[in-house]
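# Structural overview for review
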Amino acid sequence: MKKTVVIAAVFGMMAAASAQANEGQQTYQQACFACHGTGAAGAPKAGDKAAWKDRIAQGASTLHTHALKGFQGKHGVMPPKGGRADLSDAAVKAAVDYMVGMSK
Ligand code: HEC
């Protein structure tokens with residue numbers, strides 16, 4: 001009986017973690033790829049380690065804030081939520097984490 005509960009809890013955690021990863025990937029593809037997939041408008045390309053190194057060094061919470069509120073840097077303008085005001089904060093943060101994961 002106890003064993004079943006533990007197994008169910010582990011599966012629940014795995015499902016939650018992969019749902020979050022999927023949300024990040026989907027949001028990235030729908031709302032971020034246009035700039036971050038190609039480097040358009042001066043955006044740091046996802047997967048370009050050199051372009052992301054100093055950005056990642058600022059810490060996740062700074063990157064989340066810049067993605068949510070927008071950011072004017074040396075290379076261009078990052079619009080708030082990538083211009084997609086309809087996205088939830090959680091979806092935008094997941095997309096940031098997804099890009100950071102590709103760019104380390
Ligand atoms: C219209 C183009 C465009 C779209 C769409 C866009 N970005 Fe950006 N983003 C930029 C540009 C340009 C920069 C770099 C600004 C600079 O450093 O000069 C940037 C920078 C960033 C940074 C780094 C901020 C920092 O502190 O260095 C993060 C994180 C980011 N974008 C997340 C996202 C996410 C998440 C999405 C999708 C929800 C997204 N962006 C969509 C153009 C875009």
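Here goes a summary of the coordinates provided.

The rules behind the values
Residues numbered from 1 in each chain as written. Predicted model: local features only at pLDDT ≥ 70, side-chain atom pairs only at ≥ 80, totals over all residues. Heavy atoms only, no water. Axes fitted to C-alpha atoms, helices over the stretch in contact; angles between N-to-C directions. Helix = DSSP H or I, 4+ residues; strand = E, 2+ residues; numbered from the N terminus. Parallel < 35°, antiparallel > 145°, perpendicular 65-115°, else oblique. Left-handed = near helix turned anticlockwise from the far one by under 90°. Contact = heavy atoms within 4.5 Å. Nonpolar A, V, L, I, M, F, W, Y, C, P; charged D, E, K, R; others polar. Donors = N, O, S within 2.8 Å, 3.2 Å for Na, K, Ca; no water. Tetrahedral: all angles 85-135°; square planar, octahedral: opposite > 155°, others 65-115°. Buried < 20%, exposed > 50% of the residue type's maximum accessible area, 1.4 Å probe, protein only. Near = heavy atom within 4 Å. Polar contact = N/O pair within 3.5 Å; in protein donor to acceptor, adjacent residues only side chain to side chain. 1 Å grid on protein atoms, 1.4 Å probe; cavity = no way out; pocket = protein on both sides within 12 Å on 5 of 7 lines; lining within 4 Å. Sits in = over half its atoms within 2 Å of the grid points.

## What about the packing of helix α3 (residues 60-69) against helix α4 (residues 89-103)?
Viewed as axis vectors pointing N to C, α3 and α4 meet at an angle of 125°, and their least axial separation amounts to 9 Å. Taken together, α3 and α4 sit at an angle that is classed as oblique. Between α3 and α4 lies a crossing whose hand is right-handed. On α4, the residues that touch L63, H64, A67 and L68 of α3 are D89, V92, K93, V96, D97 and V100. The residue makeup of the contact of α3 with α4, split by class, is 6 nonpolar, 1 polar and 3 charged.

## A look at the coordination of the iron atom of the ligand
Coordination of the iron atom of the ligand by the protein comes from H36 (NE2) and M78 (SD), over a distance range of 2.0 Å. Taken together, the 6 donor atoms coordinating the iron atom of the ligand and their angles of 89 to 179° define a geometry best described as octahedral. Remark: M78 occurs in strand β2 (residues 77-78) and H36 occurs in helix α1 (residues 2-36); sequence separation between them is 42 residues. Note on H36: relative accessible area 9%, which makes it buried. Here M78 falls in the partly exposed class, since its relative accessible area comes to 21%.

## Describing the site of the ligand
C32, C35, H36, H66 and M78 are the nearest of the 28 residues found near the ligand. One of the side-chain nitrogen or oxygen atoms of H36 is found 2.8 Å away from a nitrogen atom of the ligand. At 3.4 Å from an oxygen atom of the ligand is found a main-chain nitrogen or oxygen belonging to G73. At a threshold of 2 Å from the grid points, most atoms of the ligand map onto the largest pocket.

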